[in-house]
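Spelled out from the first residue to the last, the chains are:
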Amino acid sequence: IAALAPEDRPQVRSPEDIAILFQAEMTALQWEELRVAVLDTKHRVERVKTVYQGSVNAAQVRTAEVFREAIRANCPAIAIAHNHPSGDPTPSAADITLTAELARAAALLDIDLIDHLIIGDGRWISLRRLGVGFPSGK
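Residues numbered from 1 in each chain as written. Predicted model: local features only at pLDDT ≥ 70, side-chain atom pairs only at ≥ 80, totals over all residues. Heavy atoms only, no water.

Each pair of packed helices can be described by the angle between their axes along with the distance between the axes. Where helix α2 (residues 63-72) contacts helix α3 (residues 93-109), the two axes come as close as 10 Å, and the packing angle between them is 40°. Our classification of the angle between α2 and α3 gives oblique. Here α2 runs over α3; the crossing is right-handed. Facing Thr63, Val66, Phe67 and Ile71 of α2, the residues of α3 in contact are Leu102, Ala105, Ala106 and Leu109. In the contact of α2 with α3, the residues fall into seven nonpolar, one polar and no charged. (Axes fitted to C-alpha atoms, helices over the stretch in contact; angles between N-to-C directions. Helix = DSSP H or I, 4+ residues; strand = E, 2+ residues; numbered from the N terminus. Parallel < 35°, antiparallel > 145°, perpendicular 65-115°, else oblique. Left-handed = near helix turned anticlockwise from the far one by under 90°. Contact = heavy atoms within 4.5 Å. Nonpolar A, V, L, I, M, F, W, Y, C, P; charged D, E, K, R; others polar.)

Its place among the elements puts arginine 35 in strand β1 (residues 33-39). Polar side-chain contacts of arginine 35 include one of 2.7 Å to the side chain of glutamate 33. (Polar contact = N/O pair within 3.5 Å; in protein donor to acceptor, adjacent residues only side chain to side chain.)

It is worth spelling out the environment of alanine 37 at this point. Its place among the elements puts alanine 37 in strand β1. Spatially, the C-alpha atoms of alanine 37 and alanine 77 are 8.6 Å apart, while their sequence positions differ by 40 residues. Residue contacts for alanine 37: discarding those within four places in its chain leaves Leu21, Phe22, Arg47, Val48, Ala77, Ile78 and Ala79.

Before going further, it helps to spend a moment on the sheet that holds strand β5 (residues 124-126). The five strands are arranged β2-β1-β3-β4-β5 in an open sheet whose pairing can be described as mixed. Lying at the two open borders of the sheet, with one neighbouring strand each, are β2 (45-53) and β5. For this sheet, the mean inter-axis angle between neighbouring strands, taken without regard to orientation, is 20°. Helix α1 (residues 15-26) rests against β1, β2, β3 (77-83), β4 (112-119) and β5 of the sheet, and its axis sits at about 45° to β4. Contacting β1, β3 and β4, α3 crosses the sheet at an angle of about 165° to β4. (Pairing = 2+ DSSP bridges.)

Phi is mostly negative for residues that are not glycine, and the peptide bonds are mostly trans. Although it is not a glycine, histidine 43 adopts a positive phi angle of roughly 60°. Its location among the elements puts histidine 43 in the loop between β1 and β2. Positive phi is not limited to glycine here, since asparagine 74 has a value of about 55°. Considering the arrangement of structural elements, one finds asparagine 74 in the loop between α2 and β3. Given the relative accessible area of 69%, asparagine 74 is considered exposed. (Buried < 20%, exposed > 50% of the residue type's maximum accessible area, 1.4 Å probe, protein only.)

This part takes up the pattern of salt bridges. It is possible for side chains of opposite charge to pair when their charged atoms get near one another. Evaluated as defined, the whole model comprises nine salt bridges. Ionic contacts of the salt-bridge type, sharing partners, join the residues Glu25, Glu33 and Arg35 into one network. (Salt bridge = Lys/Arg side-chain N within 4 Å of Asp/Glu carboxyl O.)

What follows is the structure, given as C-alpha cells:
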C-alpha cells in the first residue's frame, strides 16, 4: 500500500470497504489478530499494521499500540478489525469493552476511530453499525 500513489490507495467510505481490506486474509487465520488501517484525511489507507496476535479465542490489546502508527504517520483516522477463529463474528462483551476504550482514547487523541469490524468465516460485523462500543450519535 505504501508504494502506491495516494490516489491509488484504497479508500474507506463504509464498513464494506474495511471488510474488503481485511476479510480475505483474516478469515482463514487460526488465531485472533487485530489489525489497524491508518487513514489519511480522505480516509485513504496509508498503511496496515498487525497490532496483536493472540490465541484461538483471545488477544490482549494495549490501547497505545493501536494508535501508535497513526500518531507516527500524523494520520487523523484509523479503522480496526479483528477475527474470530471460531467463525462466528458476534461481538463478545470483551470486544464491546475494547471498542469503548478505543473510542474514548481516540477522542482524547483527536483521531477518528472509523469502525471496528469483527471478521468470521465468510461474515463480518461492524460494531459502529450495530451501535455498540461507540458513543451515541457518533
